[in-house]
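# Secondary and tertiary structure notes
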Amino acid sequence: MQIVRQLAPLRDALAEFRKAGLKIGLVPTMGALHAGHMRLVEVAKQQCDVVVVSIFVNPTQFGEGEDLDAYPRQETADATLLEAAGVELLWAPTADQIYPSGYATNVSVSGVSDGLCGAARPGHFDGVATVVAKLFNQTRPDAAFFGEKDFQQLAVIRRMARDLDFTHDIVGVPTVRDPDGLALSSRNAYLTGEQRANAVALPDAMREAAKAIAAGGEVAAILSDAKRRLLDSGFHKIDYLELRDANTLAVLDIFAQSARLFAAAHIGETRLIDNIPVS
Ligand code: PAF
């Protein structure tokens, strides 16, 4: 696996792949890779001839007081995993390759960025859209792969790609979960043993709420019960627990075929997010 940190050798390597007629898949990440990321790599390997994984902890998507400094950085371990998975190229740019001196451009996607994590983390999706647009331009892939765990992020990236005329495929990959149902996340590493045991209340409460909503129950009452259950199970703050349309992310008060349940809640110092279809 080639490890590349500068744009010129990245472009050379990608030009070789293109000259050979190979289909290039991109998996953008911030590192601290877990089985969820490796599933993205696996799907990319199935659908493309060569896979490029990027690792860049993007400062512009972290707000004040968020965990930028503490965010886990483990490039050597990540590279070992990627090599074993058959990834051809690791794009691990130095910061100036993404944000050169004097950098002054921002990509902002309105609509789908509003509400949910957009409300709790102002500026977050601008940072995501900006860095992903840059990664798309730098690598010009045939397809790019993102986890459905960050469903709103996926919606923002799809919108940005349509609006800015990126023509490659954007592939959403279903969330990978631990056997007890907790969605895999780099942030799960912050949980103490007790918090990890309690955290399962999140997927449990969501699953039961989704079932009750699909059965025709009253949405507001069901969501309120689920919130109470989370607060009784060790979560101390709920940013949101909402029913939304999976395509537009518009809020739903009643069940619809396209309904999806979205949640973000804090346990200890850690903010966990999840989303599931309601059907
Ligand atoms: O999902 C992530 O890891 C990041 O938000 C992404 C898409 C790599 C952009 O920094």
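As shown above, the structure is provided for reference.
All values reported here derive from a predicted model rather than from experimental measurement.

## So, the overall build of the protein
When you go through the protein residue by residue, the secondary structure sums to 10 helices and 9 strands. At 19 Å, the protein has a C-alpha radius of gyration in line with the 19 Å of a compact globule built from 279 residues. Principal-axis analysis of the C-alpha atoms places the extent of the protein at approximately 55 × 40 × 40 Å. In the protein, which comprises 279 residues, the proportion classed as buried is 52%. Taken as a whole, the protein presents about 12,800 Å² of accessible surface, with 50% of it coming from carbon and sulfur. Within the protein, the 35 negative side-chain charges are centred at a point lying 2 Å from the centre of the 27 positive side-chain charges.

## What about unusual backbone geometry?
Residues other than glycine seldom take positive phi values, yet L116 does so here, at roughly 45°. When you line up the elements, L116 lands in the loop between α4 (95–98) and α5 (117–120). One non-glycine residue with positive phi stands out, namely L249, at about 65°. Inspection of the secondary structure assignment puts L249 in the loop between β7 (237–245) and β8 (259–267).

## What about the site of the ligand?
In the vicinity of the ligand, the contacting residues are P28, T29, M30, N58, Q61, V131, V132, F146 and Q153. A distance of 2.6 Å separates an oxygen atom of the ligand from a polar side-chain atom of Q61. In the model, an oxygen atom of the ligand is placed 2.7 Å from a nitrogen or oxygen of the Q153 side chain. Protein chains bury 89% of the 290 Å² of accessible surface belonging to the ligand in isolation.

## Brief notes about the sheet that holds strand β1 (residues 2–4)
Across the sheet, 6 strands lie side by side as β1-β4-β3-β2-β5-β6; this open sheet has parallel pairing. Edge strands, defined here as strands with exactly one partner in the open sheet, are β1 and β6 (169–173). Across the sheet, the axes of successive neighbouring strands diverge by a mean angle of 25°, strand direction being ignored. Note that β1 and strand β4 (residues 89–91) share 3 bridges and pair parallel. Opposite V4, over in β4, you have W91 as the bridge partner. Along the sheet, helix α3 (residues 75–84) makes contact with β1, β3 (50–55) and β4, crossing β3 at roughly 170°.

Conventions adopted
Residues numbered from 1 in each chain as written. Predicted model: local features only at pLDDT ≥ 70, side-chain atom pairs only at ≥ 80, totals over all residues. Heavy atoms only, no water. Helix = DSSP H or I, 4+ residues; strand = E, 2+ residues; numbered from the N terminus. Rg over C-alpha atoms; globule rule 2.2 N^0.38 Å. Buried < 20%, exposed > 50% of the residue type's maximum accessible area, 1.4 Å probe, protein only. Areas by Shrake-Rupley, 256 points an atom, 1.4 Å probe, with all protein chains shown as cover. Lys, Arg positive; Asp, Glu negative; His and termini not counted. Charge placed at Lys NZ, Arg CZ, Asp CG, Glu CD. Near = heavy atom within 4 Å. Polar contact = N/O pair within 3.5 Å; in protein donor to acceptor, adjacent residues only side chain to side chain. Pairing = 2+ DSSP bridges. Axes fitted to C-alpha atoms, helices over the stretch in contact; angles between N-to-C directions. Contact = heavy atoms within 4.5 Å.

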